[in-house]
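These are the residues of each chain, in order.
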Amino acid sequence: MTATTTSARSDLSELGRSETALRTFLHGLPGVDQVGAEQRAAQLGTRSIKTTAKAQAIDLAIRMVDLTTLEGADTPGKVRALAAKALRPDPADPTCPHVGAVCVYPAMVPHVAEVLRGSAVHLASVATAFPSGQAPLDVKLADTRAAVAAGADEIDMVINRGAFLAGRYAEVYDEIVATKEACGDAHLKVILETGELATYDNVRRASWLGMLAGGDFIKTSTGKVPVAATLPVTLVMLEAVRDFRAATGRQVGVKPAGGIKNTKDAIKYLVMVNETVGGDWLSPDWFRFGASSLLNDLLMQRTKLTTGIYSGPDYFTLD
Amino acid sequence: MMFEYAPAPESRAIVDIRSSYGLFIDGRFVDGENLDKTVNPATEEVLAEVTWAGAQDVDRAVRAARKAYDKVWGPMPGRDRAKYLYRIARLIQERSRELAVLESLDNGKPIRESRDVDLPLVAAHFFYYAGWADKLPYAGFGADPRPLGVAAQVIPWNFPLLMLAWKVAPALAAGNTVVLKPAETTPLTALLFAEICQQADLPAGVVNIVTGAGDTGRALVEHPGVDKVAFTGSTEVGKAIARSVAGTGKKVTLELGGKAANIVYDDAPVDQAVEGIVNGIFFNQGHVCCAGSRLLVQENVAEQVLDALKRRMALLRVGDPLDKNTDVGAINSAAQLARIRELSDAGAAEGAQRWSPPCELPERGFWFAPTIFTGVTQAHRVAREEIFGPVLSVLTFRTPAEAVEKANNTPYGLSAGIWTDKGSRILWTADRLRAGVVWANTFNKFDPTSPFGGYKESGYGREGGRHGLEGYLNV
């Protein structure tokens, strides 16, 4: 729920102009009760998704995967292989859908772009001195522009957690606005790094800040800190995008990233989307999984459902 | 995109229901003469025939309990009683799926609740009181508190097995023997519990189960051979019991009706408050004596909270209790359904606005859609009388003092809820609420260590926790 009404639509865009206005607004959002939020997330996790519903969920989850590799050891060969897999995750089954996007470091973007050209698979690049965000603003913006110039149509930026936790909301806001501008036509995903925000109240505030500043998606994590995506954090973010749309009319996507390793987990997220924000978000345009190993488990479960046979990991490509 | 959940029914093959059941007296099932049917309220299918115990049967059960108390259970050291209770608790855990399915079949509650709430609490209750059995001298009731003797226990149909656990576990831990009468619409899990007592080698006569309706219950509580009466159910029957045992020396605990206020202040964590409201009134189809059946919401957030509540209610999945995705199951009986309908119609006739989400109800069985009434005043019947169904009355308030005044303005006083981010306001409010249980930023939370019971017409005595022992000890 928001502290605003629909008539406040124009007011919200003014919030970023003043540190005080931003603070007053963000601190005026209703609190999140930790116990209650975790209980609700756990309760949704007990839904039993079987047979036709499971098949539907698996295909949807595959289409929502941002197939990711963000390692120092990434090579052009490795990311090309990943891109090929993104296009055709299960070479043995042409009915298997392609994934949502490939997500790599900026330096790897050109190699992926070669493979994905002409396909419907998006190319996401992390930017803004990922994962720490500890670089001067002009470096972060140059990072972003370079990624877009190399062919990325989605940018995953990290927010300045230090500034956020210190209460310098305007600084965070301005950085997101500047990055959004540097993105041009590319979609901007704002990584909140919820593992470092510590409280659900902070997650809700950071979600609103990211949306107010123009983010097209809000994303949980870099995957580079110990606590990545969790169900309760995603629940709070989903409530935020729901309320933001009610307040402003603009729909923002959500991307949990890191730690979602198997089909069972992915389905729990889809159930949560379904019962928190509804069918409008059940599309790769509005919900993504930042993951790497998840895809193979989805493929294994998919094969199991269609053939009745559970294959070993050697029957699916490594990357 | 639509994401429809395919049916995910829990298998009922796990439970073996006999075609007819006798009474469990002195460690054995004995056949009776009067048989009546118990049905699945979700389908109206007959599940089994159950004996309705007459006065003679009750007398035999009380004598068996007396003999077991005098010869075996009373003299037995607490640590040995504990062994039996622990054994029963473990058997309940081992057979929990079977018990959960049977509970959902006979009662109509969703398997999600019988599996995730009822059964874990039932086992926890037996484990908890097993722990007390050899520690009674340290419970604060003197150096050597003695049991009372034979306990007559009459339980309701809303949480059949859980209410059995609340009654039987402390009674046995304290050294009493029991004769228990389950509700006439939900006797089956109590009869399965009798089998568990046999499986646990519980000495004959320590637990006796007599099935039947009001006459059986009356014969039991009025029997001169019982030393203690414990009743959970309606205030009307509770008053009759209190009258009938007056002057007899029987110790009594009564856990009766409620019309709990769930107070939502304007600084509440709204999303969680809405979950709490839903859990407060739609948990177990609202067949909960401590249900948060009156929502008191601060005027300045009423619209926002109600919008969110309606949006959430539209997601409630009403239907087959054995489907693992069902949130709201069947109303327990035709009689209860009629009462819910009568009071809801009265609410609409008195001028409150009625709303239910679009929801398809099964054709057979007893069903009632989750319903809220807005624009309710303190004078409306839906704000005063216990509906015991999935019906919420919404009232508003301006100041904290008004919230407390409205919350307390009821003949009942079993439970209440407070939703606010301010700790000081929680304490201020809880201090002033005349209710046995006050939940803060949560609702319908139960734990064997926590005492439960009411003020005013909600009854007297406490069940659960150390306090729960008092009702079964001669102190």
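Calculation criteria
Residues numbered from 1 in each chain as written. Chains lettered and ligands numbered in written order. Predicted model: local features only at pLDDT ≥ 70, side-chain atom pairs only at ≥ 80, totals over all residues. Heavy atoms only, no water. Helix = DSSP H or I, 4+ residues; strand = E, 2+ residues; numbered from the N terminus. Rg over C-alpha atoms; globule rule 2.2 N^0.38 Å. Buried < 20%, exposed > 50% of the residue type's maximum accessible area, 1.4 Å probe, protein only. Contact = heavy atoms within 4.5 Å. Areas by Shrake-Rupley, 256 points an atom, 1.4 Å probe, with all protein chains shown as cover. Lys, Arg positive; Asp, Glu negative; His and termini not counted. Charge placed at Lys NZ, Arg CZ, Asp CG, Glu CD. Buried area = accessible area lost by both parts, 1.4 Å probe. Salt bridge = Lys/Arg side-chain N within 4 Å of Asp/Glu carboxyl O. Polar contact = N/O pair within 3.5 Å; in protein donor to acceptor, adjacent residues only side chain to side chain. Axes fitted to C-alpha atoms, helices over the stretch in contact; angles between N-to-C directions. Parallel < 35°, antiparallel > 145°, perpendicular 65-115°, else oblique. Left-handed = near helix turned anticlockwise from the far one by under 90°. Nonpolar A, V, L, I, M, F, W, Y, C, P; charged D, E, K, R; others polar. Pairing = 2+ DSSP bridges. pLDDT = per-residue confidence, 0-100. Core = buried A, V, L, I, M, F, W, Y, C linked by side-chain atoms within 4.5 Å.

Quick word on the overall build of chain B
From N to C terminus, chain B includes 15 helices and 18 strands. Relative to a compact globule of 475 residues, whose C-alpha radius of gyration would be 23 Å, chain B shows 22 Å and is just as compact. Principal-axis analysis of the C-alpha atoms gives chain B an extent of 65 × 50 × 35 Å. For chain B, the residues scored as buried account for 63% of the 475 residues in total. Looking at chain B alone, contacts between residues at least 24 apart form 75% of all its contacts between residues at least 6 apart. Here chain B displays about 17,200 Å² of accessible surface, and carbon together with sulfur accounts for 49% of that area. Separation of charge centres in chain B, based on 52 positive and 56 negative side chains, amounts to 5 Å.

Side note on the interface of chain B and chain A
Each partner contributes residues to the interface: chain B has 29 residues there, and chain A has 31 residues. Of the roughly 2,600 Å² buried at the junction of chain B and chain A (both faces included), carbon and sulfur atoms supply 48%. For chain B, the biggest contributors to the area lost against chain A are Met1(B), Phe3(B) and Gln272(B); these three give 27% of the whole. Scanning the region where chain B abuts chain A turns up four salt bridges. A salt bridge links Arg40(A) to Glu275(B); the nearest nitrogen and oxygen atoms lie 3.2 Å apart. Our count for the chain B to chain A interface comes out at twelve residue pairs in polar contact (both at pLDDT 80 or more). Elements with a contribution of two residues or more to the side of chain B that touches chain A: helix H4 (111–132), helix H9 (270–282) and helix H10 (302–313) of chain B.

A word on the packing of helix H1 (residues 55–73) of chain B against helix H7 (residues 214–222) of chain B
Residues and elements named next belong to chain B. Close contact between H1 and H7 brings their axes to 9 Å; oriented N to C, the two are set at 40°. Put simply, H1 runs oblique to H7. As for the relative orientation of H1 and H7, their crossing is right-handed in sense. On H7, the residues that touch Ala55, Val58 and Val62 of H1 are Thr216, Ala219 and Leu220. Residues that form the contact of H1 with H7 fall into these classes: five nonpolar, one polar and no charged.

A few points about the pattern of salt bridges
Pairing between side chains of opposite charge can happen when their charged atoms approach one another. Per the counting criterion, the structure on display carries 56 salt bridges over all chains. The salt bridge involving Glu98(B) is made with Arg95(B); its shortest N-O contact spans 3.0 Å. Each of Arg40(A), Arg47(A), Glu275(A), Arg112(B), Glu275(B), Arg312(B) and Asp327(B) takes part in a single network of salt bridges with overlapping partners.

What about the sheet that holds strand S8 (residues 289–291) of chain A?
Residue and element names in this part refer to chain A. On the basis of which strands lie adjacent, the open sheet formed by eight strands has the order S7-S6-S5-S4-S3-S2-S1-S8 and parallel pairing. Edge positions in the sheet fall to strand S7 (253–255) and S8, since each has one partner strand and no second. Within the sheet, the average angular offset between the axes of one strand and its neighbour, ignoring direction, is 25°. Bridge analysis of strand S6 (residues 217–219) against S7 gives three bridges, and the strand direction is parallel. Residue pairing in the sheet places Ile218 in a bridge with Val254 of S7.

Some remarks on the side chain of Arg205(A)
Residues and elements named next belong to chain A. As for its position among the elements, Arg205 is in helix H11 (residues 200–212). Buried and unpaired, Arg205 has no salt bridge, with Asp201 as the nearest side chain of opposite charge at 5.0 Å. Once residues lying within four places of it in the same chain are set aside, the contact partners of Arg205 are Leu26, His27, Leu29, Phe164 and Tyr169.

A few points about the side chain of Gln378(B)
All names here are of chain B. Within the fold, Gln378 resides in the loop between strand S14 (371–374) and helix H12 (381–384). Its relative accessible area of 17% is what places Gln378 among the buried residues. Residues in contact with Gln378, not counting those within four places in the same chain, are Arg294, Ala383, Arg384, Leu395, Lys406 and Asn409.

Focus: unusual backbone geometry
Here the residue pair Phe130(A) and Pro131(A) is connected by a cis peptide bond, since its omega of 0° sits within 30 degrees of zero. Position of Pro131(A) relative to the elements: it lies in the loop between strand S3 (122–126) and helix H7 (137–149). For Asn441(B), which is not glycine, the phi dihedral falls at a positive 55°. The residue Asn441(B) is located in the loop between strand S17 (437–440) and strand S18 (459–460) in this model.

Observations regarding the confidence of the model for chain B
Here chain B averages 97 in pLDDT, and 100% of its residues register 70 or above. Our summary of model confidence lists the complex with pTM equal to 0.95 and ipTM equal to 0.94.

Examining the packing of helix H12 (residues 231–248) of chain A against helix H13 (residues 263–276) of chain A
Residue and element names in this part refer to chain A. The geometry of H12 relative to H13 is characterised by a closest axis approach of 10 Å and an angle of 30° between their N-to-C directions. Judged on the interaxial angle alone, H13 and H12 are roughly parallel. As for how H12 packs across H13, the hand of that crossing is right-handed. Along its contact with H12, which presents Leu231, Thr234, Leu235, Leu238, Glu239 and Arg242, the element H13 presents Lys268, Tyr269, Met272, Val273 and Thr276. Class assignment for the residues of the contact of H12 with H13 results in six nonpolar, two polar and three charged.

Some remarks on the nonpolar core
In this structure, Ile92(B), Phe126(B), Phe193(B), Val207(B) and Leu309(B) are the most contacted members of the largest nonpolar core, which totals 114 residues. No other element matches the twelve residues that helix H5 (residues 160–174) of chain B contributes to this core. What Ile92(B) contacts, discounting residues up to four positions off in sequence, is Leu99(B), Leu119(B), Val122(B), Ala123(B), Phe126(B), Phe193(B) and Ile196(B). Ranked by size, the runner-up nonpolar core spans 99 residues in total, among them Leu197(A), Ala213(A), Val271(A) and Phe3(B).

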